[in-house]
Amino acid sequence: MPPTNLRNSRLLHRASLGSATSRRHFLQFSAAALSGVALSNCARNLSNAGSSPASSPTNSTANKTLHIYTWANYTDDELLRGFQDRTGIQVVVDTFDSNETMLTKMQGGGGKAYSIIYPSDYMVEKMIADEMVAPLDQSRLQGTDRWLPQWQDPVYDPGNAHSMPVVWGTTGLIFDPGRVSDPIKGWDYIWQNVDQLSRRITLINDVREVMGATLKYLGYSLNSTKPAEIEAAYNELLKLKPAIASFITNGWEDQLASGDLTVSMAYSQDAIYLIEESPNLQYIVPETGSSLWTDTMVIPKTAPNVDAAYEWLNYMLDPENSAKMVERLKIATPNEAAFEKLPTNLQQDQNLFPSKAILAKSEGIAPVPQAITDLYERYWTQLTSS
Amino acid sequence: MAISSSTVEPPAPAHPGWQRHLTKLLQPFLLLAPSGLWLVMLLVVPTVLILELSLIPGFRLGQPAGGYGLGNYLQIFQIVYLQVVLRSLYFATGATIACLLLGFPVAYWIAIKAPKRWRNLLLVGFILPLWTSSLLRAYAWITILRPSGLLNSLLGAIGLPGQDWLYRSPAVLIGMAYSFLPYMVLILYASLEKLDRRLLEAAADLGATPQQAFWKITVPQTLPGIAAGGLLVFIASLGDFVVPDLLGPPSMTLSRLIYDQFLRFRNWGFGSSLSLILIFAVSVAIALLIKYGDRNAAQS
């Protein structure tokens, strides 16, 4: 049909004439899209820094909802569903990636929705000192008499008066034994092989863990408060700098499995997850001792739903439930009653429950006076700014 | 109030002059109030708060605050922190130059050589990568650049030695250039599109070689676009957090330093002064952009 074709071609012609203006519109549109993307990137960076904001519970659901603030991988759907079946309370989980991030949020007033938070040992001590957590009413808890010896009267919270230990572990090294020259026994390996390890190791992105490991390597206490010892540790780390690819707590896993990294310093928890996927890898706790960490549960003073918080603590104390959680999530429990319910292979898993000899040499990170904290921070800034 | 002025002819002015005057006065306030409030609440007030915090030396959350002073600002002149500032400037300058060198030929080709009907599509092609998360793109570069990654497989296949760029400066420059190249191309394109080609023809008539014509006509005419694109890339890469943190050496840039002060050391005073200095540097760059940049290109 010739006429139609004619009309089409005329339309096309007009369209091409109008392309100059439409291109300007297009540019405007794309610039708007660009700035939108740029803004969303900003937002992402911010949320990266501060974790997601907690949605505040509305009044009608306040008694039916429990907001908890915890580490990634410490809860799963089955755990939350089990709690809801038992109590009818729905759990909303937000996660943080460092104690400092959590503390900043709680101090800044952004954590008023949470009735349960999971600080680590040294942070519990700090939060108790800052009067941020409520003492636990022991009469409302069932089964708190069955802790493994290490957690019956922990230094960070005598008598577990304010906190309940929930997960513990070590800090160590993970590597592929097929790719290292000698079997790795301790921290000294990375210093002795600095030349071969150029950008082949990662260290945890945490001041006290990295400085603590170096202090242990030098034979000092993990919690040294002597400026000379801390300076010696800094000087050792400076020697190690050419070997360090990055300071990252998570994100080294793929590259370690593929052999692009040789050794990574890791929390036992993360190492255990990776070894499930890549059984050729090996995790060790250095023979000179390492850091022994405990993550706990506390009820902040600002908790809006204290009753639900106690329900949660009792649910987590239940040995049956706790043992199942250990089997599913591969996290080490300090609850002896739960430990006894575990299958033998898990009880004897050295990565999950290291031997008493190693535990005896290890220490938990303890708070140090502000002046010493400043010193640690100053050396850390020097290390990461050069 | 509905003023049906066309149907009802007013016997006397129903709305006295002062009322119309008032409406005229209020109009801008009513129209600007929503965005004005937004700006005041979410930009002006926080900036003033940051300014106040930056003037309290060593202000830490959860600790009693001391008196006012300039300590936080003086701290920046310590060698430790100057190193960090210089590193950030180095990455931002490098990324700007890389974007210019990579972006100019592309923009030139799209604006001048490519068939007209393909131009929009080609530009979309350039913007498309921006529609994915910057975090994902940085992780993608880790996969490409790591020793056993895609880049080294390709280099190995054609018999070239492998490169070990990840966790070093080249990786940061590659990642930033990749992230911000679209900004550069869009702005240069807008600038090159307006190029007066009769001048090029005249130059050719008068015996100029294509090279001479390019350097004496094309480049000077697009200089405002180059300035606008360069400053935009510079600003964006100066404050970038993701690329240097994921791909870079275990040494900080300015954004990581600010992050650490706020979240790791909770030294909000020093963190605030660093933030303000970054805001100031970016403001200067934007002022330069407005003064010397290609206004039309920057607006488009």
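A. View of the interface of chain A and chain B. Between chain A and chain B, the residue contacts involve 44 residues of the former and 50 residues of the latter. Together, the buried faces of chain A and chain B total about 4300 Å²; carbon and sulfur atoms form 55% of this surface. Linking chain A with chain B are three salt bridges, by the criterion used here. If you look at where chain A meets chain B, you find 11 residue pairs in polar contact (both at pLDDT 80 or more). Those elements that provide at least two residues to the side of chain A that touches chain B are α2 (19-50), α4 (99-107), β6 (244-247), α9 (253-258) and α16 (370-385) of chain A. The element contributing the most residues to the side of chain A that touches chain B is α2(A), with 14 residues.

B. Highlighting the pairing of strand β4 (residues 163-175) of chain A. All names here are of chain A. Counting buried positions along β4 yields 13 of 13 residues, so the element is predominantly enclosed. With seven bridges joining them, β4 and strand β9 (residues 292-298) adopt antiparallel strand pairing. By the bridge assignment, M164 is partnered in β9 with M297. In this sheet, strand β7 (residues 263-267) lies alongside β4 in antiparallel orientation, the contact comprising five bridges. For F175, the partnering residue across the bridge sits in β7 and is V263. Where β4 and strand β8 (residues 282-284) come together, three bridges link them in antiparallel fashion. Opposite F175, over in β8, you have Q282 as the bridge partner.

C. Just the packing of aromatic side chains, in detail. Residues and elements named next belong to chain A. For the structure shown, the criterion picks out 24 aromatic pairs over all chains. Residues Y69 and Y114 carry aromatic rings whose centres are separated by 4.5 Å and whose planes lie at 5° to one another, so their mutual orientation is stacked. One end of the pair, Y69, is in strand β1 (residues 65-71); the other, Y114, is in strand β3 (residues 114-117), and 45 residues separate them in sequence. The burial state of Y69 is the same as that of Y114; both residues are buried. Through a chain of ring-to-ring contacts, the aromatic side chains of Y69, W71, F96 and Y114 assemble into a single cluster. Cation over ring: R208 sits above Y376, and NZ or CZ is 5.0 Å from the ring centre.

D. Geometry of the domain arrangement of chain A. All names here are of chain A. Domain annotation of chain A identifies domain 1 (59-169 + 294-361) and domain 2 (170-292 + 366-385). Facing the 20 residues of domain 1 at the interface are 19 residues of domain 2. Per-residue buried area on domain 1 facing domain 2 is highest for G169, N351 and K361; these three make up 37% of the total on that side. Remark: the boundary between domain 1 and domain 2 carries zero salt bridges. At the boundary of domain 1 and domain 2, one finds five residue pairs in polar contact (both at pLDDT 80 or more). The set of elements that each furnish at least two residues to the side of domain 1 that touches domain 2 consists of α5 (121-129), β4 and α15 (356-361). Considered class by class, the residues forming the side of domain 1 that touches domain 2 number 11 nonpolar, five polar and four charged.

E. Fine view of the confidence of the model for chain A. Mean pLDDT over chain A works out to 84, with 84% of the residues at or above the 70 mark. Overall, residues 1-61 of chain A carries pLDDT values under 50, and its contacts beyond four positions in sequence, including any with other chains, amount to 52 contacts.

F. Summary view of the side chain of A:T170. Residues and elements named next belong to chain A. Tracing the backbone through its elements, the reader meets T170 in strand β4. On the basis of relative accessibility, which here comes to 1%, the residue T170 falls in the buried class. At 2.8 Å, the side chain of T170 and the side chain of Y283 are in polar contact. Every residue in contact with T170, bar those within four places of it in the chain, is listed here: A266, Y267, S268, Y283, V285, S291, L292, W293 and P354.

G. The arrangement of the side chain of A:T70 in detail. Residues and elements named next belong to chain A. With respect to the secondary-structure elements, T70 resides in strand β1. On the accessibility criterion, T70 (0% relative accessible area) is buried. With residues near it in sequence (within four places) discarded, T70 still touches V93, D94, T95, F96 and Y118.

H. Spotlight on the packing of helix α1 (residues 17-54) of chain B against helix α12 (residues 268-292) of chain B. Residue and element names in this part refer to chain B. It is at 7 Å that the axes of α1 and α12 come closest, and there the two elements cross at 125°. By the criterion of interaxial angle, the relationship of α1 to α12 is oblique. Here α1 runs over α12; the crossing is left-handed. Along its contact with α1, which presents T47, I50, L51, L53 and S54, the element α12 presents W268, G269, S272, S273 and L276. A class-by-class count of the residues in the contact of α1 with α12 yields five nonpolar, five polar and no charged.

I. How the structure looks around α12(B). Residues and elements named next belong to chain B. Look at α12: 36 Å from first C-alpha to last across 25 residues, which is about the 36 Å you get at 1.5 Å a residue. Regarding α12, the residues found buried are G269, F270, G271, S272, S273, L274, S275, L276, L278, A285 and L289. Those residues of α12 hidden inside the fold are in contact with α1, α2 (71-75), α3 (79-113), α9 (210-238) and α11 (254-264).

J. Broad picture of the nonpolar core. All names here are of chain A. Core analysis: the biggest nonpolar cluster contains 101 residues, and I116, Y118 and W312 have the highest contact counts within it. The leading source of residues in this core is helix α11 (residues 306-317), at eight residues. Both domains that furnish three or more residues to this core are identified here as domain 1 (59-169 + 294-361) and domain 2 (170-292 + 366-385).

The rules behind these values
In this convention, every chain numbers its residues from 1, walking through the sequence in written order. Naming scheme: in the order in which they are written, chains are lettered from A and ligands are numbered from 1. A pLDDT threshold of at least 70 governs which residues receive local features in this predicted model, and a stricter bar of 80 or more applies before side-chain atom pairs are shown or counted, although totals over entire chains, interfaces and linings include all residues. With hydrogens and water set aside, each side-chain value is computed from the structure's full complement of heavy atoms. Residue contacts are defined here by distance: any two heavy atoms, one from each residue, within 4.5 Å place the two residues in contact. When two components associate, each loses some accessible surface as probed by a 1.4 Å sphere; the sum of these losses over both components is called the buried area. The term salt bridge refers to a side-chain nitrogen of Lys or Arg lying within 4 Å of a carboxyl oxygen of Asp or Glu. In the analysis that follows, any N or O atom pair within 3.5 Å is treated as a polar contact, provided that within protein one partner can donate a hydrogen and the other can accept it, and provided that, for residues neighboring in sequence, both atoms belong to side chains. Numbering of helices and strands starts at the N terminus; helices are DSSP runs of H or I of at least 4 residues and strands are runs of E of at least 2. Here's how the labels work: a residue is buried when its accessible area is under 20% of the maximum for its type, exposed when over 50%, partly exposed in between, all with a 1.4 Å probe on protein chains only. Only strands that DSSP links by at least two bridges are regarded as paired with each other. Two rings from Phe, Tyr or Trp (for Trp, the six-membered ring) form a pair when their centres sit within 6.5 Å of each other. Planes less than 30 degrees apart are called stacked, planes more than 60 degrees apart edge-to-face, and all others tilted. Remark: a charge is flagged as sitting over a ring if the NZ atom of Lys or the CZ atom of Arg is within 6 Å of the ring centre and within 35 degrees of the ring normal. Segmentation of the chain into domains, including their bounds, is taken from an automatic or database domain assignment. Residues are sorted three ways: Asp, Glu, Lys and Arg are charged, Ala, Val, Leu, Ile, Met, Phe, Trp, Tyr, Cys and Pro are nonpolar, and all the rest, Gly among them, are polar. You can read pLDDT as the predictor saying how much it trusts each residue, on a scale of 0 to 100. Axes here mean lines fitted to C-alpha atoms, for a helix over just the part in contact, with angles spanning 0 to 180 degrees between N-to-C directions. Throughout, the term roughly parallel applies to angles under 35 degrees, roughly antiparallel to angles over 145, roughly perpendicular to angles from 65 to 115, and oblique to all others. Take the far helix as your reference; a near helix turned counterclockwise from it by less than a right angle gives a left-handed crossing, and one turned clockwise gives a right-handed crossing. To estimate how far a helix should extend, the number of its residues minus one is multiplied by 1.5 Å. For the purposes of this section, nonpolar cores are sets of buried Ala, Val, Leu, Ile, Met, Phe, Trp, Tyr and Cys residues that join through side-chain atoms within 4.5 Å.

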